[in-house]
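Reading the structure
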Amino acid sequence: MYRNLRTNIPKEVMSFPDFPFEKHLPSFVHHTEVRNYLEKYCDHFRLRDHIQFNTMVDSVKPVQEKRGWHGLAWDITTTDGISKTKSITERFDAVMVCNGHFYDPYIPAIPGLKNFTGMLMHSHDYRNPEPFSGKSVVLLGAGLSGLDIAMELSSVDAQVILSHRQRPLTCTLPKGVQQAPPVKRVLEDGMLQFQDGRLAKPEVFLFCTGYNFTFPFLDSKLGLHVQEHLVSPLYKFLMPRRFPPSSLWASAELSAPSLTSIARSSLYSLSWMDPLPCHPVRRWNRMWRWISP
Ligand SMILES: Cc1cc2nc3c(=O)[nH]c(=O)nc-3n(C[C@H](O)[C@H](O)[C@H](O)COP(=O)(O)OP(=O)(O)OC[C@H]3O[C@@H](n4cnc5c(N)ncnc54)[C@H](O)[C@@H]3O)c2cc1C
């Protein structure tokens, strides 16, 4: 999370319908306001008492349980997130996996990357532009983070090459920012070679290339695979197919909290009322249409 980060979705869209953001705030709020909002939401609905903080989930395992729903339950092993000394396993009826996907940086396999001798970093570790003042930077990726960070670096007179595989941006670029196609390889002398043959030897090579999906705590019995940012096999990108819908997946995309979380929680409640049949497609398609925004 970087210092100057503001939301790119208006508060009116991001808020839960039963708890609006404060009126005096602008539509695109600073990230600290999102935190304030979530804390106030928690206080208002007295959620804190129901949350066990500082707890690391180490393993999620499906187990047979006679009294469980569809004869199934989930053994969850956790450790105390601070001292990591206390490890306990408890049995639950259902699991929702909401571990996010913005913490395991994705670094593309660029041939010769080990030859790069400058500073190599990912947007995950970017906080503020000042350390880049006057520096030469190749910024890989022109997604939301890449564009945001390019603007910030321009404000401290960094010389930025924004390397990306989209069609060239046609807008006026900020001062000191130019575009290039993707980096093809890093040569033995540490020089970056772009796909159009251009060369550059920047002080900083900054990856704004997104994140990997990772579920290190999931038992292999779930049979889930992550390949090229796709988690499968999942019914509707949410539920493991080989199990009744007693786990749900909130990991699929960048999202404003309201619509998707509500859709997901509704789906969750419905799943309790109306268990997933063996051949679920038609019935679940109908339900999905009903709750989809
Ligand atoms: C730079 C940036 C800007 C963004 N701007 C916006 C925006 O303007 N508007 C918007 O709507 N969205 C925005 N997003 C996306 C938004 O942050 C996500 O959609 C949202 O945080 C997803 O919420 P989540 O609860 O699914 O996951 P997260 O907020 O990522 O929360 C997951 C939590 O699970 C915890 N966790 C992970 N593994 C374990 C484990 N094994 N045991 C215990 N806990 C675990 C993590 O520590 C984390 O606290 C932005 C994202 C980024 C990176």
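Residues numbered from 1 in each chain as written. Predicted model: local features only at pLDDT ≥ 70, side-chain atom pairs only at ≥ 80, totals over all residues.

The protein is annotated in an unreviewed UniProt entry as Flavin-containing monooxygenase of Anguilla anguilla. Per UniProt, the protein has the following entry under Cofactor (unreviewed entry): "FAD". The Sequence similarities (unreviewed entry) field of the UniProt record for the protein holds the comment "Belongs to the FMO family." (UniProt positions renumbered as here; feature names shortened; annotations may be inferred.)

Along its length, the protein carries 5 helices and 17 strands. When the 293 residues of the protein are sorted by exposure, 19% land in the buried category. Partitioning the contacts of the protein with sequence separation of at least 6, the portion at a separation of at least 24 is 51%. (Helix = DSSP H or I, 4+ residues; strand = E, 2+ residues; numbered from the N terminus. Buried ≥ 20, exposed ≤ 12 C-beta atoms within 10 Å, placed from the backbone. Contact = placed C-beta atoms within 7 Å.)

Below, the discussion takes up helix α2 (residues 31–44). For α2, with 14 residues, the first-to-last C-alpha span of 20 Å sits near the 20 Å given by 1.5 Å per residue. Looking one or two residues beyond α2, the residue adopting positive phi is arginine 46, at roughly 50 degrees. (Expected span 1.5 Å × (residues − 1).)

Taken residue by residue, helix α3 (residues 144–154) has Ser145, Gly146, Leu147, Ile149, Ala150, Glu152 and Leu153 as its buried positions. Those residues of α3 that are buried are in contact with β6 (136–140), β7 (159–163), β8 (177–180) and β12 (204–207).

When strand β1 (residues 55–69) meets strand β2 (residues 72–80), the two strands line up antiparallel, connected through 10 bridges. From the neighbouring strand, valine 57 faces β2, where its bridge partner is threonine 78. Counted between consecutive antiparallel strands, the loop separating β1 from β2 contains 2 residues, among which histidine 70 sits at a positive phi close to 60 degrees. The pairing of β2 with strand β3 (residues 87–92) spans 6 bridges and is antiparallel. (Pairing = 2+ DSSP bridges.)

An order of β1-β2-β3 is seen for the 3 strands of this open sheet, with the pairing classed as antiparallel. Either end of the sheet is taken by a strand with one partner, and the two such strands are β1 and β3. Within this sheet the neighbouring strands show an average axis-to-axis angle of 25 degrees, counted without direction. (Axes fitted to C-alpha atoms, helices over the stretch in contact; angles between N-to-C directions.)

Moving on, we get to the sheet that holds strand β9 (residues 183–186). Hydrogen bonds between backbone atoms are what pair the strands of a sheet, whose relative direction is either parallel or antiparallel. The 3 strands are arranged β9-β10-β11 in an open sheet whose pairing can be described as antiparallel. For this open sheet the edge positions go to β9 and β11 (199–200), each flanked by a neighbour on one side alone. Bridge count for strand β10 (residues 192–194) against β11 is 2 bridges, and the pairing is antiparallel. What sits directly across from leucine 192, in β11, is alanine 200.

Attention shifts here to the environment of lysine 175. On the secondary structure map, lysine 175 appears in the loop between β7 and β8. Between the C-alpha atoms of lysine 175 and glutamine 159, which are 16 residues apart in sequence, the distance is 8.5 Å.

The next point concerns the confidence of the model for the protein. Put simply, the protein has an average pLDDT of 85, and 83% of its residues get 70 or more. When the criterion is pLDDT under 50, residues 273–293 qualifies, and its contacts beyond four places in sequence or with other chains add up to 17 contacts. (pLDDT = per-residue confidence, 0-100.)

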